[in-house]
Structures are given as C-alpha cells and as structure tokens.
Amino acid sequence: KLLAESEFNQECKELLSSLPKDKSFFAEYLYQYEGFWYPPNLLEGVLYSQKHFQARDSDIIVVSSPKSGTTWLKALVFALIYRQDYQTPLESHPLLDNNPHTLVPFVEGFNFHTQDTSPGIFSTHIPLGSLPESIKDSPCKLVYCCRNPKDAFVSLWHFMKRLALKEMAGCTMEEMVRGFCRGSSVYGPFWDHALEYWKESRENPGKVLFVMYEEMREQPREWVKRIAEFLECSFTKEEIDNGVLEDIIKLCSLENLSKLEVNQKGKLVNGMETKAFFREGEIGGWRDTLTPLLAEEIDKTTEEKLIGSSFRF
Ligand code: A3P
C-alpha cells in the first residue's frame, strides 16, 4: 500500500510540473487540468478518485461548484434517502449531530472508502468531463446544484476570508473577480462547469437532475419532491399528509442547521470549521458586497459564456 501511495505521489508531482499554472489566492498556484483549475491538494484528490473511485449502480452523487448549495443539497439528499429510519427527524436524526459534509463524503476527498451504505451518497465538485469513469459509465444518479454566479462568487469571497489562508492576505476583491472571470478559481471556469452539466441533464435526464439554488429557496416543496422522484423515492400521499416532506425541509433549512452546536463549534476531519459553511443564503445578496463595476464584470462574462446556449442563470 505504501509503495502504491508513494508511486501515486510521484505521478502527481510529475503531472503538476507539466500543467499550466496561475498565481492564486487559494494556494500558491492553481493548476489547469482537463480544462479546469485546481489547487494542488484538490487536484490530487481528483486524480486519486479517477484511479480508485468505484461507483455502484445505486450510488447518488451531489454535484456543484463550490458555494452553490452543496451543504444544503447533501443534507436534503441524505434526509430523503434515510427518511424511513428517522420518523421524528426534528428530534432525533444524524443531521442534528453531524455536519452534512461528515455524512456525505467528497468523491475527491480521499475518504470515500468510509461510505459503505447502500445506496452510497457522495458529493463532488469535479467537472463532468473529469469524473471517474465508473461514475460516467454506471447508472448512478447525479443531482447538480447551480447558483447565480455573482452570489456564488460573493459566497466564495466570504468563505475564503473566513478560512484566512495566507495566500488571501492582501488579496483584493477586484483581483479575485478578475481570476473568477478568467476561470482561474477553484474548479473554475464556473460557467463551463454549470453548462456542461446542464447540457448533460437535457440529453440524459435520467442521469442528471439540474437544480437551481434560487428555485429551491423559492419553492422548496416542489423541488424536494422533484429530487425525490428523480432518485426514485417519491413521497407517498400518506407521507405528505403526515408532514414528512415539511419535516425534511425544516430539518435541512439554513435556520435549523446553522444553529446546531455541531455546525457552530464543530470541525471537519480536515480541520475546517463547520460554521464556515453557513452564512446568509440570500438570493441577490451580492448587492451588499460587489460594487456595480465588479458586478458588471461578472455579468459580462456570463453573457459571453452563454452565447449559443439557451441556459440562463
Ligand atoms: P452564502 O455565503 O451566500 O450565505 P456550499 O454549501 O456549496 O459551500 O455553499 C454555501 C452557501 O450555501 C452559503 O451561501 C450558505 O449560507 C448556503 N447554505 C448553507 N446551508 C444552507 C441551507 N441549509 N439552506 C440554504 N442555504 C444554505
């Protein structure tokens, strides 16, 4: 095993040295691999998953760009799938004592082996084209959560400030917007990421369900029902009458999750503070952070990226 690990590390090193790189605020450099940009530790996770992740037919993968609603969707899918096991979820449920990232591991997080339930519920930020082959080839299902690029950017900005990485010291918002628009951002370009999954969801609707964060915020009942249908675990009339759908929405709400001790004082295995994943969850909250000029820069990129596509954020 040790030999395999050191071989893997050596392969990664060699690959990194051959890739285009760009100065960044996420790590010293971001590296461009198969069209998308990564800090080295995340890229290693992607390469490891490409080699070792074995999707099972029944697996469910929550996909997103960072800061687009990953934590929420992980919680919802987990609560949906295991709803028979927890009849009074607001009183007793794993989500009351565990952060959603603990219950639903990342495909590129090295710890996917820890998920041994069936179906396995995983999540990933990996772009469509770079997914492990077994995810593409098996009938496992993907739920993609997308968000307005300006809100996703602002959420990332605040998240990065909270993490207080040394590379972020002195980083201005102008510089970070510029990087984001160039595509040089964690798992960027943001737009290409979304467009690829959106296209796949149109061509292969049984494989990928494309969900907008804003629409889920506005109509959670409709969207949670639709996600359940897609995952082949539709709500029965009896469940709806008994308030099961409402309970799941309440359990997974920002208001509820963010006030739990595990999400206020907890830490993930990688040392990240769980509270960093919960903030305002607003639609259009970017107005409080972005100047009109920076908002325009992101809008311009959005316009350019959407040329030729009928997709709109
Ligand atoms: P804001 O920073 O705009 O508040 P991710 O989970 O992909 O990292 O995304 C984080 C964003 O989702 C943050 O947005 C966070 O507040 C919001 N969020 C986290 N949990 C949520 C929940 N249960 N419901 C709605 N939004 C949530």
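Residues numbered from 1 in each chain as written. Predicted model: local features only at pLDDT ≥ 70, side-chain atom pairs only at ≥ 80, totals over all residues. Heavy atoms only, no water.

An unreviewed UniProt entry annotates the protein chain as Sulfotransferase originating from Arabis nemorensis. Comment text from UniProt for the protein chain, heading Sequence similarities (unreviewed entry), reads "Belongs to the sulfotransferase 1 family." (UniProt positions renumbered as here; feature names shortened; annotations may be inferred.)

## A word on the overall build of the protein chain
When helices and strands are tallied, the protein chain shows 16 helices and seven strands. Taking 2.2 N^0.38 as the reference for a compact globule, 313 residues should give roughly 20 Å; the C-alpha atoms of the protein chain span a radius of gyration of 19 Å, in line with that estimate. For the protein chain, the residues scored as buried account for 55% of the 313 residues in total. Of the contacts made within the protein chain by residues no fewer than 6 positions apart, 70% connect residues no fewer than 24 positions apart. Taken as a whole, the protein chain presents about 15100 Å² of accessible surface, with 50% of it coming from carbon and sulfur. Both charge centroids of the protein chain, one from 36 positive and one from 47 negative side chains, sit 3 Å from each other. (Helix = DSSP H or I, 4+ residues; strand = E, 2+ residues; numbered from the N terminus. Rg over C-alpha atoms; globule rule 2.2 N^0.38 Å. Buried < 20%, exposed > 50% of the residue type's maximum accessible area, 1.4 Å probe, protein only. Contact = heavy atoms within 4.5 Å. Areas by Shrake-Rupley, 256 points an atom, 1.4 Å probe, with all protein chains shown as cover. Lys, Arg positive; Asp, Glu negative; His and termini not counted. Charge placed at Lys NZ, Arg CZ, Asp CG, Glu CD.)

## Notes on the sheet that holds strand β7 (residues 208-212)
Spatially, the four strands line up as an open sheet ordered β5-β4-β6-β7, and their pairing is parallel. At either margin of the open sheet sits one strand with a lone partner, and together these are β5 (121-124) and β7. Across the sheet, the mean angle separating the axes of adjacent strands is 20 degrees when strand polarity is ignored. In this sheet, β5 lies alongside strand β4 (residues 60-64) in parallel orientation, the contact comprising four bridges. What sits directly across from V63, in β5, is T124. Helix α3 (residues 70-81) contacts β4, β5 and β6 (141-146) of the sheet and is inclined by roughly 160 degrees relative to β4. Of the strands in this sheet, β6 and β7 touch helix α11 (residues 220-230), which is tilted by about 170 degrees from β7. (Pairing = 2+ DSSP bridges. Axes fitted to C-alpha atoms, helices over the stretch in contact; angles between N-to-C directions.)

## A look at the pattern of salt bridges
Tallied over the full model, the rule gives 15 salt bridges. Measuring nitrogen to oxygen at the nearest pair gives 2.7 Å for the salt bridge that ties D22 to R182. Linking D22 in strand β1 (residues 21-23) with R182 in helix α8 (residues 173-182), this pair joins segments that are 160 residues apart in sequence. In this structure R182 comes out as exposed when scored by relative accessible area, which is 54%. Residue K199 is joined to E203 by a salt bridge in which the shortest nitrogen-to-oxygen separation is 3.5 Å. Remark: E203 and K199 occur in helix α9 (residues 190-203); sequence separation between them is four residues, near one turn of the helix. Residue classification places K199 among the partly exposed positions, given a relative accessible area of 49%. (Salt bridge = Lys/Arg side-chain N within 4 Å of Asp/Glu carboxyl O.)

## A few points about the site of the ligand
Around the ligand, the structure places 19 residues, and the nearest of them are K67, T70, T71, S155 and G281. Taking S68, its main chain carries an N or O atom lying 3.1 Å from an oxygen atom of the ligand. Residue L254 places a main-chain N or O atom 3.3 Å away from a nitrogen atom belonging to the ligand. Here the ligand has 560 Å² of accessible area as a free molecule, and 97% of this is covered by the chains. Counting residues per element, the ones that place at least two in the shell around the ligand are α3, α10 (213-218) and α14 (254-259). It is α3 that provides the largest number of residues to the shell around the ligand, a total of three residues. Classifying every residue of the shell around the ligand by side-chain character gives seven nonpolar, seven polar and five charged. (Near = heavy atom within 4 Å. Polar contact = N/O pair within 3.5 Å; in protein donor to acceptor, adjacent residues only side chain to side chain. Nonpolar A, V, L, I, M, F, W, Y, C, P; charged D, E, K, R; others polar.)

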